[in-house]
Amino acid sequence: MKNLKTICILFFSVLIISCSKKDEDGGGIAPEAEFNAIINGGGFGSNYAALMDYYSTNYSNDSGLDLLINDKNTNIVRIFLNNTGGFGSGITKVIGDVAANGLITNVVIRDQNAQVTYNASEGEINITENRENPESENGRLISGNFTITATSGVGPTITMTGNFKNFAY
């Protein structure tokens, strides 16, 4: 009888520990990152769909947040967000804004087939969500949308609209 009590106590202890709060909100797994953009103009043609192959981020309190996206055709989109105003939900980052430390919010788009780099001349990036990353104790997930106009200096102007979701930093 004593062994049965001990086994019951162990069973209920394991049950209580396994039903933690993190399990109730999806098991502590971050949602998958997404990037979707439509690019018009230049070597991209009309309504080119830039779909993410992979991404990386670089974050520093001093310099801000960089998002580097490679699409399925190896084209590159790099989004530089300076630290002006932070990265909270509802913040709008304007292309060309210069932070106190001299860093600029910008977007660079690289057309790998045509070997042309486009630099943003105007536009904005709207941060729609910035929340805790369930996979990282101090990490964050950022989501947003953007509308960008960019030029290559030697070629035509292009436009890019789209969004990114659940980028970990």
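As a starting point, this report considers the structure included with it. (Residues numbered from 1 in each chain as written. Predicted model: local features only at pLDDT ≥ 70, side-chain atom pairs only at ≥ 80, totals over all residues. Heavy atoms only, no water.)

## Here we look at the overall build of the protein
Alright, step 1. Along its length, the protein carries two helices and nine strands.
Alright, step 2. Ordering the α and β elements of the protein from the N terminus gives α-α-β-β-β-β-β-β-β-β-β.
Alright, step 3. Looking at the protein as a whole, 34% of its 169 residues qualify as buried.
Alright, step 4. When contacts within the protein are restricted to residue pairs at least 6 apart in sequence, those whose partners lie at least 24 apart make up 50%.
Alright, step 5. Counting every atom, the protein has about 9700 Å² of accessible surface; 54% of that belongs to carbon and sulfur. (Helix = DSSP H or I, 4+ residues; strand = E, 2+ residues; numbered from the N terminus. Buried < 20%, exposed > 50% of the residue type's maximum accessible area, 1.4 Å probe, protein only. Contact = heavy atoms within 4.5 Å. Areas by Shrake-Rupley, 256 points an atom, 1.4 Å probe, with all protein chains shown as cover.)

## Digging into the environment of L67
Alright, step 1. Here L67 shows up in strand 3 (residues 64-71).
Alright, step 2. Residue classification places L67 among the buried positions, given a relative accessible area of 0%.
Alright, step 3. Sequence-wise, L67 and T57 are ten residues apart; in three dimensions their C-alpha atoms are separated by 4.7 Å.
Alright, step 4. Residues in contact with L67, not counting those within four places in the same chain, are S56, T57, V77, R78, I79, F164 and F167.

## Describing the environment of I91
Alright, step 1. Within the element layout of this structure, I91 appears in the loop between strand 4 (76-81) and strand 5 (92-94).
Alright, step 2. Assessed through its relative accessible area of 23%, I91 is described here as partly exposed.
Alright, step 3. Between the C-alpha atoms of I91 and T128, which are 37 residues apart in sequence, the distance is 7.6 Å.
Alright, step 4. Dropping the residues within four chain positions of it, I91 is found in contact with G85, G86, I125, N126 and I127.

## With respect to unusual backbone geometry
The general pattern is negative phi for most residues beyond glycine and trans for most peptide bonds.
Alright, step 1. One non-glycine residue, N47, adopts positive backbone phi at about 55 degrees.
Alright, step 2. Mapped onto the elements of the fold, N47 is located in the loop between strand 1 (34-40) and strand 2 (48-60).
Alright, step 3. For N47, a relative accessible area of 53% gives the class exposed.
Alright, step 4. Positive phi, normally seen in glycine, also occurs at T74, with a value near 70 degrees.
Alright, step 5. Within the secondary structure layout, T74 lies in the loop between strand 3 and strand 4.
Alright, step 6. Looking at T74, the relative accessible area reads 46%, which means it is partly exposed.

On their own, these measurements won't tell you what the molecule is for.
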